[in-house]
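Chain and residue survey
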Amino acid sequence: MHEATLESGTETRKLHVITWGCQMNVYDSARMTDVLRPLGYSPVDEVEDADMVILNTCHIRERAAEKVFSELGRLRKISDARTALGHDRTVIAVAGCVAQAEGEEILARAPYVDIVLGPQTYHRLPEMVARAARAGGSVIDTDFPAETKFDFLPDAAAPQTDGNLTAFLTIQEGCDKFCSFCVVPYTRGAETSRPVVSVLAEARRMVESGVREITLLGQNVNAYHGDDGDGGSETLAGLAAKLAAIPGLIRIRYMTSHPRDVDQSLIDAHRDNAAMMPFLHLPVQSGSDRILKAMNRGHTADEYRDVVRRLREARPDLALSSDFIVGHPGETEQDFEATMQLIRDVGFAQAFSFKYSPRPGTPAAGQPFQVDETVKDARLHRLQALLREQQDAFNADMVGRVMPVLFTGRGRKPGQMTGRSPYLQPVHVDGSDDLIGQTVPVLITQRLTNSLGGTLQRERACA
Ligand code: SAH
Ligand code: SF4
Ligand code: F3S
């Protein structure tokens, strides 16, 4: 057994990970890659070259399972083509939230799948790979184990994205809020926070490897209450203060926040902690109190307006993004109008909006007064037009401003460098490679289709 492990450690095998869903899945995919590295797996871009493929799935909206089965069909064909050329067949693993919710169904309908694993068990992947190889059959592990995976994961070898200047870091996971429409409490399990020491250690490793901006992740990231090592628990604001003290870490973001968990300490942190970016994703879903209640969101539309007002008082340049659902069961024209009014009142820099999609096993799926698809379509269309207008106005308003831009790499054109603004807008300037990793003030001179153009203002101090 020991020799087998050593032996497999010297072989090189190729791993391809396909990631769907939220940022937490992006983080999880990177960690699954880390877990498999000691077994000799290194990541490859082309699925055709891979000895093993992980499909990391999302269950949040409609036809999630169907999409998985159709992708699995494609992977099977690729595997068959490989065997026809004399290679071993591709090891296929299905991970993530569809695996958690419908693992048995996946194995029944796609018996060629080797491994099915949930979001809380991927630290056991090496064991699953070995078991699948030995048994020649399928392995399923969708437990919610007592141990936490974070204690068993290897140190992150190389955080992902943007040449490693920006990275995601999961600090909280799961959800106990049980919104009427949502599968997350069932697929990710109960809400848990990672201890402060473990988060700080991972953040330090990231910064040592060059990361300058960290996005803290959680399904309810501002419900964070990790063990502070002193018998108490730490808030998100407290954690952010500790992270800001790490030399080299310049920017901190967090998502996704719940309006109910925005406490005064977090509002104050937006004023006092210079590393906190003035851009906040704060989903509201609806602007109607009736629907918010039916959704079990635990706050009213005015309470949301009030949280936003207090945040903007603390940090006047704060911009917001949000999530909206149209056509939740029972939503009338009047309810929808209340959502439009909330959007006009608050003003969003960016937003994601969805038609309500009944998810099996969630309370709203079985409720009466489901809204007609054509009505949902029409509402979504109107809502998105308004949000698009607001987003365009927000971006247009950037022209003439000076903003700190964190440069992450070269642009598409020669002599062009690209970075991100505090509001996550891509910004292009004429410049050279020495900008990479630096945060430099930029005067925004033009608004392009999906980005901004500007000129460096090196002589100015950077906010
Ligand atoms: N924890 C976050 C949301 C996580 S899910 C929160 O509380 O806001 C991401 C988004 O997907 C949600 O904000 C919601 O807008 C959307 N969503 C979730 N379930 C949905 C469903 N059944 N139908 C349509 N949209 C849904
Ligand atoms: Fe889903 Fe609601 Fe939990 Fe967000 S707070 S993850 S929408 S149940
Ligand atoms: Fe999807 Fe699971 Fe994230 S359902 S949105 S991958 S938590």
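As the structure is a prediction and not an experimental result, all values here were calculated from the model.

**A closer look at the pairing of strand 17 (residues 426–430)**
Sheet topology places strand 16 (residues 416–420) next to strand 17; 5 bridges connect them, and they run antiparallel. Across the sheet, residue Thr418 finds its bridge partner in strand 17, namely His428. Taken together, strand 16 and the strand that follows it, strand 17, pair antiparallel across an intervening segment of 5 residues, in which Leu424 is found at a positive phi of about 65°. Note that strand 17 and strand 19 (residues 452–456) share 2 bridges and pair parallel. Bridging across to strand 19, His428 finds its partner in Gly453.

**A short note on the UniProt feature "binding site: [4Fe-4S] cluster 2" (unreviewed entry) in the protein chain**
The feature "binding site: [4Fe-4S] cluster 2" (unreviewed entry), as given by UniProt, occupies Cys175, Cys179 and Cys182 in the numbering adopted here. Its location among the elements puts Cys179 in the loop between strand 8 (172–173) and helix 6 (184–187). Looking at Cys179, the relative accessible area reads 8%, which means it is buried. When near neighbours in sequence (up to four residues on either side) are disregarded, Cys179 contacts Met295, Asn296 and Arg297.

**Overview of the sheet that holds strand 3 (residues 52–57)**
The strand order across the open sheet formed by 6 strands is 2-1-3-4-5-6, and the pairing between neighbours is parallel. Each of the sheet's edge strands pairs with one partner strand only, and the pair in question is strand 2 (41–43) and strand 6 (139–141). Ignoring which end each strand starts from, the neighbouring axes of this sheet average 20° apart. In this sheet, strand 5 (residues 115–117) lies alongside strand 4 (residues 91–95) in parallel orientation, the contact comprising 2 bridges. Its bridge partner being in strand 5, Val94 is matched across the sheet by Val116. Here helix 5 (residues 125–135) sits on the sheet in contact with strand 2, strand 3, strand 5 and strand 6, set at roughly 155° to strand 5.

**Details of the site of ligand 1**
In the vicinity of ligand 1, 16 residues are found, and the nearest of them are Arg61, Gln219, Gln285, Asp323 and Ser357. Within the side chain of Gln285, one N or O atom sits 2.7 Å away from an oxygen atom of ligand 1. Protein chains shield 89% of the accessible area of ligand 1, which is 550 Å² for the free molecule. Those elements that provide at least two residues to the shell around ligand 1 are strand 13 (319–326) and strand 14 (350–355). Taken together, the residues of the shell around ligand 1 sort by class into 6 nonpolar, 5 polar and 5 charged.

Calculation notes
Residue numbers run consecutively from 1 along every chain, following the written order of its sequence. Lettering of chains starts at A and numbering of ligands starts at 1, both following the order in which they are written. Residue-level local features of this predicted model are given only where pLDDT is at least 70; pairs of side-chain atoms are given and counted only at 80 or more, and the full residue set underlies all totals for whole chains, interfaces and linings. Heavy atoms from the whole structure form the basis of all side-chain values; hydrogens and water molecules are not counted. Two strands form a pair only when DSSP identifies at least two bridges running between them. Each helix corresponds to a stretch of at least 4 residues labelled H or I by DSSP, and each strand to a stretch of at least 2 residues labelled E; elements are numbered beginning at the N terminus. UniProt positions are given in the numbering used here, feature names are shortened, and annotations may be inferred rather than shown by experiment. Only protein chains enter the area calculation, which uses a 1.4 Å probe; residues under 20% of their type maximum are buried, those over 50% are exposed, and those in between are partly exposed. Two residues qualify as a contact provided that any one of their heavy atoms is within 4.5 Å of a heavy atom in the partner residue. Note on geometry: axes are lines fitted to C-alpha atoms, helical ones only across the stretch in contact, with angles between N-to-C directions running from 0 to 180 degrees. By convention in these notes, a residue is near a molecule or strand provided one of its non-hydrogen atoms lies within 4 Å of it. In protein, a polar contact requires one atom able to donate a hydrogen and another able to accept it; more generally it is a pair of N or O atoms within 3.5 Å, and residues adjacent in sequence count only if both atoms are side-chain atoms. Surface accessibility in these figures is a Shrake-Rupley result with a 1.4 Å probe; residues are shielded only by whichever protein chains are displayed. Gly is placed with the polar residues, together with every amino acid not listed as nonpolar (Ala, Val, Leu, Ile, Met, Phe, Trp, Tyr, Cys and Pro) or charged (Asp, Glu, Lys and Arg).

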